[in-house]
Amino acid sequence: MSGTVTVKNVTLGEGIPKICVPLVGTTLSELREEAEALKALAPDVVEWRSDFFSQVEDIAAVTGVLEEIQQILPEIPLIFTFRSAKEGGEKEVSTEYYFRLNKAAVESGYVDIVDVELFNEEQDVRGLIATAHDNAVFVIISNHDFQGTPSQDEIVSRLRRAQELGGDLPKIAVMPQSAGDVLTLLAATNMMQEQYADRPIITMSMSGEGVISRLAGEIFGSALTFGAAHKPSAPGQVAVAELRSVLELLHRSL
């Protein structure tokens, strides 16, 4: 049985899966507007997908945006994410810059959680985790497979590896080619949660076919789900109001 992680006033790993909404604006003014609009939606967590930001290669501009988001949404936990192009993101940068950017974000004082991609050099990943923890920032260790759905054992293996590296929130997102692939992801989630996890995990099957995985986390063991406010950051994200309604319906049925 997995444990819990509490960020600000949000506890991941108990009760209804928490809802995270991404900010995907390309400019500071767009991001300000998005952040202001999120006040009415009241998500549990906000993720800034910085790979959408046109000035992401300017660290001073990035930390400036983080400060503004924090001022607009001070009570909501903020995830900083630069999703690389190889894992479905909008932009590719050098490995050196990827780690320098994430280090600057965790040291800024404006970030509560940082997303670090699993498939990097172990030394680099461990170093960034240590820096994050030194700055009281939690770490998602993530893997996004847009090509297909690995086997159940491989999904579990990647989640266990993320946990072994010291990630506070192991995460995997996979692309289904069939309904059977969605079942594989759900079975892997259940196995990880019941047999190996000592902390909350985050899993999802993407695209329309995988939507059920974004809704059924409380049953199978995923602690966080991603909903869309305006523009989704990944295939299959459901609008926040609809997502919350279904999550609450399933919760009442358990």
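A quick note: this is a predicted structure, and the numbers were derived from the prediction, not measured.

Conventions and cut-offs
- Residues numbered from 1 in each chain as written.
- Predicted model: local features only at pLDDT ≥ 70, side-chain atom pairs only at ≥ 80, totals over all residues.
- Heavy atoms only, no water.
- Helix = DSSP H or I, 4+ residues; strand = E, 2+ residues; numbered from the N terminus.
- Expected span 1.5 Å × (residues − 1).
- Buried < 20%, exposed > 50% of the residue type's maximum accessible area, 1.4 Å probe, protein only.
- Contact = heavy atoms within 4.5 Å.
- Arc of directions from axis to C-beta.
- Axes fitted to C-alpha atoms, helices over the stretch in contact; angles between N-to-C directions.
- Parallel < 35°, antiparallel > 145°, perpendicular 65-115°, else oblique.
- Left-handed = near helix turned anticlockwise from the far one by under 90°.
- UniProt positions renumbered as here; feature names shortened; annotations may be inferred.
- Phe/Tyr/Trp six-rings, centres within 6.5 Å; stacked < 30°, edge-to-face > 60°.
- Pairing = 2+ DSSP bridges.
- Right-handed = clockwise from strand over helix to strand, strands pointing away.
- Core = buried A, V, L, I, M, F, W, Y, C linked by side-chain atoms within 4.5 Å.
- Polar contact = N/O pair within 3.5 Å; in protein donor to acceptor, adjacent residues only side chain to side chain.

Participant: Please clarify how helix 2 (residues 59-72) should be interpreted in this entry.
Facilitator: With 14 residues, helix 2 extends 20 Å between its outermost C-alpha atoms, agreeing within 8% with the 20 Å of an ideal straight helix rising 1.5 Å per residue. For helix 2, the set of buried residues is A61, V62, V65, L66, I69, Q70 and I72. Next to the buried residues of helix 2 lie strand 3 (18-23), helix 1 (28-41), strand 4 (45-49), strand 5 (78-81) and helix 3 (95-107).

Participant: Any chance you could explain helix 4 (residues 122-134) here in plain terms?
Facilitator: Helical geometry: 3.6 residues make up each α-helical turn, so side chains three or four residues apart lie on a common side. A rise of 1.5 Å per residue sets the reference length of helix 4, with its 13 residues, at 18 Å; its end C-alpha atoms lie 18 Å apart and thus fit the reference within 8%. Within the sequence span of helix 4, burial applies to V125, L128, I129, T131 and A132. Down the axis, helix 4 shows its buried residues gathered within 165° of arc, on one side only. Away from its buried face, by an angle of more than 90 degrees, helix 4 presents the exposed residues Q123 and D134. On its buried face, helix 4 sits against helix 3, strand 6 (113-117) and strand 7 (138-145). Downstream of helix 4 by one or two residues, A136 has phi in the positive range, about 60°.

Participant: Would you mind showing me how to read the packing of helix 1 against helix 2 here?
Facilitator: The description of two helices packed together rests on the angle between their axes and the distance between the axes. Contact pair helix 1 / helix 2: the axes reach a minimum separation of 9 Å and the direction vectors enclose 20°. Classified by the angle between their axes, helix 1 and helix 2 sit roughly parallel to one another. As helix 1 runs across helix 2, the sense of the crossing is right-handed. Contacts between helix 1 and helix 2 involve L28, L31, R32, A35, E36 and K39 from the former and V65, E68 and I72 from the latter.

Participant: Any chance you could explain the UniProt feature "binding site: 3-dehydroquinate" (unreviewed entry) in the chain here in plain terms?
Facilitator: Under the present numbering, the feature "binding site: 3-dehydroquinate" (unreviewed entry) in UniProt falls on E47, W48, R49, R83, R214, S233 and Q237. Locating W48 in the fold gives a position in strand 4. By secondary structure assignment, the location of R214 is in helix 7 (residues 211-215).

Participant: What's the story with unusual backbone geometry in this structure? I'm lost.
Facilitator: If you check the backbone angles, K8 has positive phi at about 55° while not being a glycine. Here K8 lies in the loop between strand 1 (5-7) and strand 2 (10-12). Here the phi dihedral of S207 falls at roughly 70°; this positive angle occurs in a residue that is not glycine. Tracing the sequence through the fold places S207 in the loop between strand 9 (202-205) and helix 7.

Participant: Just to check I follow, could you spell out the packing of aromatic side chains for this structure?
Facilitator: The description of an aromatic ring pair uses the distance of the two centres, along with the angle that the planes make with each other. Applying the stated rule across the entire model yields four aromatic pairs. Measuring from centroid to centroid gives 5.8 Å for W48 and F80, while their planes differ by 70°, and the two rings are edge-to-face. Linking W48 in strand 4 with F80 in strand 5, this pair joins segments that are 32 residues apart in sequence. Classification of W48 by relative accessible area gives buried; the value is 0%. Aromatic ring contacts, followed pair by pair, group W48, F53 and F80 into a single cluster.

Participant: Got a minute to help me understand the pairing of strand 7 in this structure?
Facilitator: A regular strand carries its side chains on alternate faces of the sheet. Counted residue by residue, strand 7 has seven buried out of eight residues, so it is predominantly covered. Across five bridges, the pairing between strand 6 and strand 7 is parallel. Among the inter-strand pairings, V114 is bridged to a residue of strand 7, identified as V139. The handedness of the strand 6 to strand 7 crossover, carried by helix 4, is right-handed. With six bridges connecting them, strand 7 and strand 8 (residues 169-174) associate as parallel partners. Residue pairing in the sheet places I141 in a bridge with P170 of strand 8.

Participant: Help me understand the nonpolar core in this model?
Facilitator: Side chains that are nonpolar tend, in soluble globular proteins, to be buried together. Counting 46 residues, the largest nonpolar core has W48, F80 and V116 as its most contacted members. In this structure V116 touches Y98, F99, V125, L128, V139, I140, I141 and S142, once residues within four positions along its chain are discounted. Counting 18 residues, the second-largest nonpolar core is a separate cluster that includes V45, A173, I202 and A223.

Participant: For this particular structure, what's the right way to read the UniProt feature "active site" (unreviewed entry) in the chain?
Facilitator: When the UniProt feature table is mapped onto this chain numbering, "active site" (unreviewed entry) sits at H144 and K171. Spatial clustering of the annotated residues is evident: they stretch over 28 residues in sequence, but the largest pairwise C-alpha distance comes to 8.4 Å. With respect to the helices, strands and loops of the structure, H144 is situated in strand 7. Ignoring sequence-local partners within four residues, the contact set of H144 consists of R83, E87, K171 and A173. Engagement of the side chain of H144 in a polar contact is seen with the side chain of R83, the distance being 3.4 Å.

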